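# Observations on the model geometry
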Amino acid sequence: MTHPQTELDDEFVDTASRPETRGIELIGEAERHGRARDLFFIWAAPSVSILNLTIGATLILLGLELWQAIAVILAAALLWVFPGIIAGSGPASGTSGSVVTRAMYGILGNRLFVAFVGWFIGAVFLSLTWLASSFMGADLLRRMGLEDPVWVPIGVTLVVATITILVAIFGHGLILRTYSYMAAALFVIFLGVAAFILPTVDWQYTAPVALEGPALWSAMAIGFTILASTPLSFINSPDIARYLPRSTKHSHIALATALGGAVPFVVFTIVGVLLATGLSEAAFAAGLDVALLDILPGWFGPILVIGVVINTIALNAMTTYTSSMALQAIGFRLRRIPAAIIVGAVGTALTIYLVLSSSLLEAANLMLQFLVIVSGPAMAIFVVDVLLRRYTYDGVELFDAHPGGRFWYSGGWSIPGVTALLVGGVSTALCLSTSVWSGPIAVANGYIDLSVPVGMLVAAALYAGLLRTPLGKKGRP
């Protein structure tokens, strides 16, 4: 097990110029640095994404009108407040969010939670964003004469994955130093993309078949679920904030994190909606990545691909970085750097499989919908715990893994947390509506997908209620 560190240690100096060896070890007061507003750019860089364009286009494919699609986007953007709220638990405890969740699930229960949720969410987002860069990079190279449908996208994946893992190895110091520049470059590139898209937009667009009643609510609910999966998946936000001084205001941390994710999320998902209004069925069939490169002038295509690669590195380096700490929290006797390499290798393998078996649009939609089964309830439980404890997490107690410790609970398991997670996940699945699975509640109500609000509300209410029973007495806030 990794032991907490509380004093300044040269081995764990957080700098951009050398690999970060610290993982989940506690960060002492002398090592704290940074400002809450730095978090805005750290979260903005991953959110200026081709994936947002893809999801925005999906809303039009679902049959929504322009104003309906924009309303769904704005509603989903409000969920970014949740990663903002839980981010403050990082500096409060001085450790990773994958350790903080021991307060919710117990020492042993948390290992199972982190093993499944940390790895599942990490692998999904690594593969989805690497998939986007692989498809677009391969298409650009095809236009330049390299047409191998297998080895070209695999080669692009391997190159981007290698760079991503290197950034994750250097860790927090490099992320803090470079992500503001990445965010600025990405804003310029994607605003340029938007400028070329605007002339193709059908501002008078109407859906081929006007949706009404249950059909309309079903389409809007499915779109909301796909969009909600992005902010709800960032249970790792405490990891990025944990170096901030303990005195940093939680409201400032929440605001910077939420706005950093939400602003580009809203802007570029709406751009994806506008893009889709001017595309034909043939363009959608060829793939959104191909259609986008067809719209842009030849000289701008490589610039867009560079932007997609930068965004991929920004998002996946953060994901690999935090997932490496999840591996440590599970109990593996690994330092953070080897753990990051393992996480990256698993994500690369999944990406190569998806490259050979699906399109970007199909993979994104299905995986993002199923993601909420675990991410929605888990985020709700985390938010409730943070608010009830008012950010009072003792890092030393979180590392006490012995029977009798504060967070040992019942044989190492927190019955309230584990029960709320399981029941919330089942409730989510019962209300989910996808092309391959529709829960009985979704079928009964006309395929209106209520998975996100139902799953989160059930998990939050059950967790808060069980904490007030004898089952949640020990370790209770």
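What comes next concerns the included structure. All of these numbers come straight from a predicted model, not from anything done at the bench.

Conventions used here
- Residues numbered from 1 in each chain as written.
- Predicted model: local features only at pLDDT ≥ 70, side-chain atom pairs only at ≥ 80, totals over all residues.
- Heavy atoms only, no water.
- Helix = DSSP H or I, 4+ residues; strand = E, 2+ residues; numbered from the N terminus.
- Rg over C-alpha atoms; globule rule 2.2 N^0.38 Å.
- Buried < 20%, exposed > 50% of the residue type's maximum accessible area, 1.4 Å probe, protein only.
- Contact = heavy atoms within 4.5 Å.
- Areas by Shrake-Rupley, 256 points an atom, 1.4 Å probe, with all protein chains shown as cover.
- Lys, Arg positive; Asp, Glu negative; His and termini not counted.
- Charge placed at Lys NZ, Arg CZ, Asp CG, Glu CD.
- Phe/Tyr/Trp six-rings, centres within 6.5 Å; stacked < 30°, edge-to-face > 60°.
- Lys NZ or Arg CZ within 6 Å of the ring centre and 35° of its normal.
- Salt bridge = Lys/Arg side-chain N within 4 Å of Asp/Glu carboxyl O.
- Axes fitted to C-alpha atoms, helices over the stretch in contact; angles between N-to-C directions.
- Parallel < 35°, antiparallel > 145°, perpendicular 65-115°, else oblique.
- Left-handed = near helix turned anticlockwise from the far one by under 90°.
- Nonpolar A, V, L, I, M, F, W, Y, C, P; charged D, E, K, R; others polar.
- Polar contact = N/O pair within 3.5 Å; in protein donor to acceptor, adjacent residues only side chain to side chain.

## Re the overall build of the protein
- Of regular secondary structure, the protein possesses 22 helices and 0 strands.
- The C-alpha radius of gyration of the protein comes to 22 Å, within 12% of the 23 Å expected for a compact globule of 477 residues.
- Along the first, second and third principal axes, the C-alpha atoms of the protein reach 65 × 55 × 40 Å.
- Burial analysis of the protein (477 residues in total) assigns 61% to the buried set.
- The contacts in the protein between residues at least 6 apart in sequence include a share of 85% that link residues at least 24 apart.
- Per element, the accessible surface of the protein, about 17,700 Å² overall, is 70% carbon and sulfur.
- Averaging the locations of the 23 positively and 26 negatively charged side chains of the protein gives two centres separated by 14 Å.

## Side note on the packing of aromatic side chains
- Summed over all chains, the structure comprises 12 aromatic pairs.
- With a centroid separation of 6.1 Å and an interplanar angle of 55°, the aromatic rings of Phe 407 and Tyr 409 are classed as tilted. The exposure classification of Phe 407 matches that of Tyr 409, with both residues buried.
- Through successive ring pairs, a cluster of aromatic residues spans Trp 43, Trp 80, Phe 234 and Phe 265.
- Above the ring of Phe 399, the side-chain terminus of Arg 102 is found at 5.5 Å from the ring centroid.

## As for the pattern of salt bridges
- Tallied over the entire structure, the rule returns 6 salt bridges.
- Measuring nitrogen to oxygen at the nearest pair gives 2.8 Å for the salt bridge that ties Arg 22 to Glu 31.
- Classification of Arg 22 as buried rests on a relative accessible area of 0%.
- The partner of Glu 29 in a salt bridge is Arg 246, and the shortest N-O contact between them spans 2.7 Å.

## What to know about the packing of helix 2 (residues 50-61) against helix 13 (residues 250-277)
- Orientation of helix 2 relative to helix 13, taken along the N-to-C sense of each, is 50°, at an axis distance of 7 Å. Looking at the two axes, helix 2 sits oblique to helix 13. The two elements helix 2 and helix 13 cross, and the hand of that crossing is right-handed. Packed against helix 2, whose contacting residues are Asn 52, Leu 53, Gly 56, Ala 57, Leu 59 and Ile 60, the element helix 13 presents Pro 264, Phe 265, Phe 268, Thr 269, Val 271, Gly 272, Val 273, Ala 276 and Thr 277 at the interface.
- The class makeup of the residues in the contact of helix 2 with helix 13 is 10 nonpolar, 5 polar and no charged.

## Details of the side chain of Thr 312
- With respect to the helices and strands, the residue Thr 312 is situated in helix 16 (residues 301-330).
- Among the polar contacts made by the side chain of Thr 312, one reaches the main-chain carbonyl oxygen of Val 308 at a distance of 2.7 Å.

## Here's the deal with unusual backbone geometry
- Positive phi, normally seen in glycine, also occurs at Arg 390, with a value near 55°.
- A positive phi angle, close to 55°, is found at Tyr 409, a residue other than glycine.
- Here Tyr 409 shows up in the loop between helix 19 (395-398) and helix 20 (415-431).
- When its relative accessible area of 12% is taken as the criterion, Tyr 409 is described as buried.

## Thoughts on the packing of helix 2 against helix 11 (residues 213-232)
- Axis separation between helix 2 and helix 11 bottoms out at 10 Å; the angle between their running directions is 170°. The angle between helix 2 and helix 11 falls in the class roughly antiparallel. Residues Ile 55, Thr 58 and Leu 59 of helix 2 pack against Gly 223, Ile 226, Leu 227 and Thr 230 of helix 11.
- For the contact of helix 2 with helix 11, the class distribution of residues is 4 nonpolar, 3 polar and no charged.

## Description of the environment of Thr 164
- The topology assignment puts Thr 164 in helix 9 (residues 151-170).
- Residue Thr 164 is classed as buried on the basis of its relative accessible area, which comes to 0%.
- When sequence neighbours within four positions are dropped, the list of residues in contact with Thr 164 reads Trp 130, Thr 312, Ile 313, Asn 316, Ala 317 and Thr 320.

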